[in-house]
Amino acid sequence: MSTVLESIEFRAEALRIGGEKVYTDRTIDVRNPYNGECVGSVPMATLEDVRRAYEIAHAYVPKLSRYERSAILNRAAALLRERTEEASTLITSESGLSKKDSIYEIGRVADVLNFGAIEALRDDGQVFSCDLTPHGKSRKVITTREPLLGVITAITPFNHPMNQVAHKVVPSVATNNRMVLKPSEKVPLSALYFADLLYEAGLPPQMLQVITGDPREIADELLTNPRVDLITFTGGVEIGKYIATKAGYRRVVLELGGNDPLIVMDDADLDRASDLAVQGSYKNSGQRCTAVKRMLVHEKVAGAFTERVVAKTRAWKYGNPMDKNNDMGTVIDAAAALRFQQVVDEAVSQGARLLAGNLREGALYSPTVLDRVRPEMTVVREETFGPVSPILTFANIDEAIAISNGTAFGLSSGICTNRTDDVTRFAKELKVGTVNLWEVPGYRIELTPFGGIKDSGLGYKEGVQEAIKSFTNCKTFTLPW
């Protein structure tokens, strides 16, 4: 296996607690999934480190004006855009995502910052008149939003090392909250880079502290510390449900897994639909909760659609993540690649047909296409969090809706049809948080509401605007009028 085209200097990182860089005796190595190179290390925080971070956060009372919060976020966005190459290389080095994907992620993070800056200036307070009924009064009710009394715990996953962090940190800053962030131990360097960017832009360090370490040692403290008011988590279903049971009398925002379909009807433009299929399945190495995990195709067009998907899959370049000509890098680690290979092998043993891929070398796993897949097979019944394209067929829209709704998940979906009656039925009957017409399931902008139902989440939404609502208390004030 060749060496990477670019590399970063080894980053011996520290905790960020109360404006100080705190080092510990025990550390966690961060390795490049492509070549195994150790690209950095982060401390293993102790329980005392975690408790001190919450004490500092809880004691601090943010006084930033709306203008000051907006200015900090806009300044951080400008700094990040200037440093796109450096920041994207860091993401690729620790995650194995291709440079194409990491450069795109930096653009998304900057968008989150800019949208947060806009929303910090927006007062969404409402005014209600009270003389609306026979027993009303000449009064007004005015609503305002206030920061939480306690601290926010944020726990983020590996698949978008900086953007997942931004979607939790930015709404917290925009609302004058205090947050303790625990990034994935697999990709912590990007989170620390992002925190430093905000400090450089003027954020008081007490408003954002970063803890790294072994979840088995510190996770329960992050969930049950008495100073925590809200826990926001993105990750797997099992851990999300564990958090829900541990949180007690606290708010919980959970963004969990997905098993998102792209549904192709018999009237669809198959060139356009197959483009969406491969992009939705392979971008970010297929490691997105909103990736295309199932391709549901009308039996009348399944053959022609499958031919196009196979051809485009074979043209999808994968390999060295630092090579900007490659469309896809690695998955997060060799263990993940092995799981994908095993679940595909299982499907083939049960009657599915392997049409492309299923090749593995370390953390490199090739874009893969299967057809003759049935809904009960593990590869589509559970979430396959990698670049696998399973193709299932259906005879009519009723069957398409039943198959789509037939898993434990309910996050997003994509629809390829031009018939308005079908579009209306999908919009009404798919049990998901998002339905996208002629787009991949994951399409959104960073501002808009995002989230799922069933095992994909509790129905609370993320996205900058919705997270701001979650991270605040609504207070009403009434007065004679």
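Bear in mind that the values here come from a model prediction, so they are computed numbers and not experimental data.

Our focus in this paragraph is the overall build of the chain. Of regular secondary structure, the chain possesses 15 helices and 24 strands. The C-alpha radius of gyration of the chain comes to 23 Å, within 12% of the 23 Å expected for a compact globule of 481 residues. Considering only C-alpha atoms, the chain reaches an extent of 70 × 65 × 40 Å along its principal axes. Expressed as a percentage of contacts within the chain between residues at least 6 apart in sequence, the contacts between residues at least 24 apart total 72%.

So, about the UniProt feature "active site" (unreviewed entry) in the chain. The sites that carry the UniProt feature "active site" (unreviewed entry) are, in the present numbering, Glu255. Tracing the chain through its elements places glutamate 255 in strand β12 (residues 251–255).

A few words on the UniProt feature "domain: Aldehyde dehydrogenase" (unreviewed entry) in the chain. According to UniProt, the feature "domain: Aldehyde dehydrogenase" (unreviewed entry) maps to residues 26–476 in the numbering used here. Annotated as residues 26–476, this span is 40% helix and 20% strand, and its ends, taken at the C-alpha atoms, are 49 Å apart.

Here the focus is the sheet that holds strand β22 (residues 436–437). Read across the sheet, 7 strands follow the order β15-β18-β19-β14-β13-β21-β22 without closing on themselves; strand pairing throughout is mixed. Since the sheet does not close on itself, it has two edges, and those belong to β15 (353–356) and β22, each with one partner. Pairing between strand β18 (residues 368–371) and strand β19 (residues 388–394): 3 bridges, direction parallel. Paired with leucine 370 across the two strands is proline 390, which belongs to β19. Its contacts with the sheet put helix α11 (residues 334–349) on β15, β18 and β19, and the angle it makes with β18 is roughly 20°. Helix-sheet contacts for helix α13 (residues 397–404) involve β13 (260–264), β14 (292–298) and β19, and the interaxial angle to β19 is about 140°.

Along the chain, the position of threonine 472 falls in strand β24 (residues 472–480). Exposure remark for threonine 472: the relative accessible area of 6% places this residue in the buried category. Side-chain polar atoms of threonine 472 contact the backbone oxygen of lysine 469, separated by 3.1 Å. In this structure, threonine 472 is in contact with Arg145, Glu146, Leu148, Thr175 and Arg251, ignoring residues within four places of it in sequence.

Positive phi is not limited to glycine here, since asparagine 358 has a value of about 65°. Along the chain, the position of asparagine 358 falls in the loop between β15 and β16 (360–361). Phi at tryptophan 438 takes a positive value of approximately 50°, unusual for a residue other than glycine. Residue classification places tryptophan 438 among the buried positions, given a relative accessible area of 10%.

Reading the values: the criteria
- Residues numbered from 1 in each chain as written.
- Predicted model: local features only at pLDDT ≥ 70, side-chain atom pairs only at ≥ 80, totals over all residues.
- Heavy atoms only, no water.
- Helix = DSSP H or I, 4+ residues; strand = E, 2+ residues; numbered from the N terminus.
- Rg over C-alpha atoms; globule rule 2.2 N^0.38 Å.
- Contact = heavy atoms within 4.5 Å.
- UniProt positions renumbered as here; feature names shortened; annotations may be inferred.
- Pairing = 2+ DSSP bridges.
- Axes fitted to C-alpha atoms, helices over the stretch in contact; angles between N-to-C directions.
- Buried < 20%, exposed > 50% of the residue type's maximum accessible area, 1.4 Å probe, protein only.
- Polar contact = N/O pair within 3.5 Å; in protein donor to acceptor, adjacent residues only side chain to side chain.

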